[in-house]
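These are the residues of each chain, in order.
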Amino acid sequence: MIQVGINGYGTIGKRVADAVVAQPDMELVGVAKTRPNHEAETAVENGYPLYYAVDERRDLFDEAGIDVAGPVEELVEASDVVVDACPSGIGEQNSEMYAAHDTPALYQGGEDAGFVDASFNARANFSEVEGADHVRVVSCNTTGLSRLLAPLQEEYGVEKARVTLVRRGGDPAQSGRGPINDILPNPVTLPSHHGPDVNTIFPELNIDTLGMKVPATLMHTHSVNVQLEDVPSEAEVKELLAGEDRLFLIPPEYDIDGAGKLKEFAMDRGRPRADIWENAVWEKSISMEDDDLYLFQAIHQESDVVPENVDAVRAVLGESDREASMARTDEALGVGF
Ligand code: NAD
């Protein structure tokens, strides 16, 4: 059994912890937190050993009546792989600790791509991270784009991708984020960081991205245009994308017009936290105009990277190939509607 530790137990960390527990070949060693709060209480409720991440704050757990298993260094030492899901920039600070314990670490998309050995997307470059010590699982948006672009690139070749990312202002629990009544070009200059980030996965890909931020919390929405080298029919593109387990083609008859109904659908289907691990691509939007493919997709920022983190654990250890790992992850989680 692969021993996995999670350092940083917030939006991403708690989801990855649950996903690790669901895997038949993995065991959760524990999770590390900086302070007691409702998430720490839930970790204890779930039976997850809770480690403290900051020595000076250990007393806070005692005062809250929460038993701790030990300092984060013990978690790192006992783990075959650590998933660092700390806020952006903290992962890089933690990297020395992981190196000192000789424990490979997976970081999240908010970290700088420059300090890691490789960036990771399961569909696009699974085999490239085997043996790496520091691997970054790319952001929610880059994950969503990589999953879509990988089959298009393989099947038809991509001449150029142009994507406008309409991003949620913050996650539902991020009460301090905005905008609350505005529509922002963000950044106002080209490219947004997403294009260069996609190039950490597909170095040669020609891609331009524009970013916006809107007063929404549920999901991001991408307006995608991909100019293809070989020109398929719309039906062929739909068949190709429908064959990808982590792409959900929203059937027109579902009458899902946006993120609100998508989340409602996920709740109705009993998804934990109403998570949508797949890219949700509006089937009806898939259009070919000459050699240009157009479509809209929605990305659930809080959860699409979860299966990718699970696959990255196997990928760095060389425990599996891409198809087997993705299938195993997806089956254990219940990916695919
Ligand atoms: P979060 O704030 O919800 O969770 C981070 C957790 O780490 C918090 O519980 C925080 O208390 C804890 N923490 C802070 N400092 C720590 C330390 N030194 N040691 C251990 N724990 C510490 O953040 P998040 O949204 O889960 O984001 C984590 C990473 O995932 C970031 O790199 C982010 O860019 C990336 N990411 C976030 C999203 C998203 O939409 N939320 C999507 C994809 C990737």
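These numbers come from a predicted model, not from an experiment.

A. How the structure looks around the site of the ligand. The full set close to the ligand counts 20 residues, and Thr-11, Ile-12, Arg-168, Asp-171 and Gln-301 are the nearest of them. Interatomic distance of 2.9 Å between a backbone N/O atom of Ile-12 and an oxygen atom of the ligand. Its free accessible area being 820 Å², the ligand has 81% of it covered by the protein chains. Assessed atom by atom at 2 Å from the grid points, the ligand resides in the largest pocket. Of the residues that constitute the shell around the ligand, the class distribution is 8 nonpolar, 9 polar and 3 charged.

B. Region of the structure containing the pairing of strand β5 (residues 81-84). The alternating pattern of β5 places Val-81 and Val-83 on one face and Val-82 and Asp-84 on the opposite face, and all of these are buried. The sheet contact formed by strand β1 (residues 2-7) and β5 spans 4 bridges and is parallel. Looking across to β5, one finds that Ile-6 is bridged to Val-83. Pairing between β5 and strand β6 (residues 105-107): 2 bridges, direction parallel. Looking at the pairing, Val-83 lines up with Leu-106 of β6. Viewed along the sheet, the connection from β5 through helix α5 (residues 90-100) into β6 turns out right-handed.

Thresholds applied
- Residues numbered from 1 in each chain as written.
- Predicted model: local features only at pLDDT ≥ 70, side-chain atom pairs only at ≥ 80, totals over all residues.
- Heavy atoms only, no water.
- Near = heavy atom within 4 Å.
- Polar contact = N/O pair within 3.5 Å; in protein donor to acceptor, adjacent residues only side chain to side chain.
- Areas by Shrake-Rupley, 256 points an atom, 1.4 Å probe, with all protein chains shown as cover.
- 1 Å grid on protein atoms, 1.4 Å probe; cavity = no way out; pocket = protein on both sides within 12 Å on 5 of 7 lines; lining within 4 Å.
- Sits in = over half its atoms within 2 Å of the grid points.
- Nonpolar A, V, L, I, M, F, W, Y, C, P; charged D, E, K, R; others polar.
- Buried < 20%, exposed > 50% of the residue type's maximum accessible area, 1.4 Å probe, protein only.
- Helix = DSSP H or I, 4+ residues; strand = E, 2+ residues; numbered from the N terminus.
- Pairing = 2+ DSSP bridges.
- Right-handed = clockwise from strand over helix to strand, strands pointing away.

This is a description of form; function is not addressed.
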